[in-house]
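# Structural description and commentary
Chain by chain, the residues:
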Amino acid sequence: MKEIYAYSPKGKGREKAIVAAFGILGILLFLCSRIPGFLLPALWQIAAVLCLTVAIFLTSGYLLKAYVYAVAPIDRADAAPWELTVTELCGGRRTIVARIALSEIQSIERIAKEDRSRATAESRGRKVFSYTGVLLPDAVICIAACVGGEDVLLKIAAEDAFLDALLQLYRNNCPNNTHM
């Protein structure tokens, strides 16, 4: 049986700090609005609600979700075509959110934080699915594919070793595709 390549991003320190800052700021704004003689307490309470809302949104969108990226043979046989699978972990629930055969992939590209405009240009005319689980990733891997006749762009946050394995498998199993 062929080897399965998998990767799951670790560490969300930046996201935890941002959520904690918004949560603490929201609580402090509520407490300040309760001080007698404080000007416009309703305005401070609205700001507090907004801060707590942002903290809840970031918690549910980034802290509670994790992704596992895997490249494996479709039917686990030696001569089988390979596929990229993205699994979302949220609490105890595991959901496969993306499954793309390597033959459907048109290009694979690593885009650094400094080149975000290039990622935006790549996404024009495509449906974009971001499965990074990180608020501000240092780099994303953009995978352009044609799935069921529809152009899609998948954004994942994986390390270079996973990208190298994916590129190697892509080149070995899809020699007709030359775009990288």
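Scope of this entry: the structure provided in the associated data block.

Rules used throughout
Residues numbered from 1 in each chain as written. Predicted model: local features only at pLDDT ≥ 70, side-chain atom pairs only at ≥ 80, totals over all residues. Heavy atoms only, no water. Salt bridge = Lys/Arg side-chain N within 4 Å of Asp/Glu carboxyl O. Helix = DSSP H or I, 4+ residues; strand = E, 2+ residues; numbered from the N terminus. Buried < 20%, exposed > 50% of the residue type's maximum accessible area, 1.4 Å probe, protein only. Patch = residues over 30% accessible without salt bridge, like charges linked within 9 Å, V, L, I, M, F, W, Y side chains within 5 Å. Areas by Shrake-Rupley, 256 points an atom, 1.4 Å probe, with all protein chains shown as cover. Contact = heavy atoms within 4.5 Å. Expected span 1.5 Å × (residues − 1). Arc of directions from axis to C-beta. 1 Å grid on protein atoms, 1.4 Å probe; cavity = no way out; pocket = protein on both sides within 12 Å on 5 of 7 lines; lining within 4 Å. Points joined across faces, edges and corners; volume = space filled by probe spheres on them. Nonpolar A, V, L, I, M, F, W, Y, C, P; charged D, E, K, R; others polar. Core = buried A, V, L, I, M, F, W, Y, C linked by side-chain atoms within 4.5 Å. Pairing = 2+ DSSP bridges. Axes fitted to C-alpha atoms, helices over the stretch in contact; angles between N-to-C directions.

What follows deals with the pattern of salt bridges. Using the criterion set out here, one finds five salt bridges in the structure. The closest approach of N and O atoms between Arg14 and Asp138, which form a salt bridge, is 3.5 Å. Of the two residues, Arg14 sits in helix H1 (residues 13-33) while Asp138 sits in the loop between strand S6 (127-131) and strand S7 (139-147), which places them 124 residues apart along the sequence. With relative accessibility at 37%, the residue Arg14 sits in the partly exposed group. Linking Glu88 and Lys65 is a salt bridge whose minimum nitrogen-to-oxygen distance equals 3.8 Å. Pair noted here: Glu88 is in strand S3 (residues 82-90) and Lys65 is in strand S2 (residues 65-73), with a separation of 23 residues, a long-range link. The class of Glu88 is buried, set by a relative accessible area of 11%.

A cluster of nonpolar side chains, namely Ile35, Phe38, Leu39, Leu40, Leu43 and Trp44, defines an oily patch on the protein surface of about 610 Å² accessible area. Mapped onto the elements, Leu39 comes out in the loop between H1 and helix H2 (41-63). Of the residues examined, Leu39 reaches a relative accessible area of 68% and is grouped as exposed.

What follows concerns the environment of Glu109. Note that Glu109 resides in strand S5 (residues 105-112). Along the primary structure Glu109 and Ile143 are separated by 34 residues, whereas in three dimensions their C-alpha atoms are 6.5 Å apart. Once residues lying within four places of it in the same chain are set aside, the contact partners of Glu109 are Arg118, Glu122, Val140, Ile141 and Cys142.

Let us look at H1. For H1, spanning 21 residues, the distance from its first C-alpha to its last is 30 Å, which sits close to the expected 30 Å at 1.5 Å a residue. Taken residue by residue, H1 has Glu15, Val19, Gly23, Gly26, Leu29 and Ser33 as its buried positions. Relative to the axis of H1, the buried residues are bounded by an arc of 125 degrees and lie together on one face. In H1, those exposed residues whose orientation departs by more than 90 degrees from the buried face are Lys16, Ile24 and Leu31. The elements touched by buried residues of H1 are H2.

The next subject is the layout of surface pockets. In this structure, the largest pocket occupies an estimated 240 Å³ of space. Along its surface, the largest pocket is lined by 16 residues, and Pro9, Val134, Pro137, Asp138 and Ala157 are the ones closest to its centre. At three residues, the largest contribution of residues to the lining of the largest pocket is made by H1. Residues of the lining of the largest pocket, tallied by class, amount to seven nonpolar, two polar and seven charged.

Attention now moves to H2. Between its first and last C-alpha atoms H2 spans 31 Å; for 23 residues at 1.5 Å apiece the expected length is 33 Å, and the two agree. The complete set of buried residues in H2 reads Ala48, Cys51, Ala55 and Leu58.

Judged by nonpolar contacts, the single largest core of 27 residues is most densely connected at Tyr69, Ile108, Ile143, Ile156 and Phe162. Counting only elements with at least two residues in this core, the list comes to S2, S3, strand S4 (93-101), S5, S7, strand S8 (150-156) and helix H4 (160-173). Among the elements that take part in this core, H4 stands out by supplying six residues, more than any other. Those residues within four positions of Phe162 in sequence are excluded, and the remaining contacts are Tyr5, Ala6, Tyr7, Tyr69, Ala70, Val71, Leu84 and Ile156. Counting five residues, the second-largest nonpolar core is a separate cluster that includes Val140, Cys142, Ala144 and Leu153.

Time to look at the sheet that holds S8. Here we have four strands laid out as an open sheet, ordered S5-S7-S8-S6, and mixed in their pairing. Both outer strands of the open sheet, S5 and S6, are each paired with one neighbouring strand and no more. Going across the sheet, the axis of each strand differs from the next one's by a mean of 20 degrees, ignoring polarity. Pairing of S6 with S8, which is carried by five bridges, proceeds in the parallel orientation. Directly across from Val128, in S8, lies its bridge partner Leu153.

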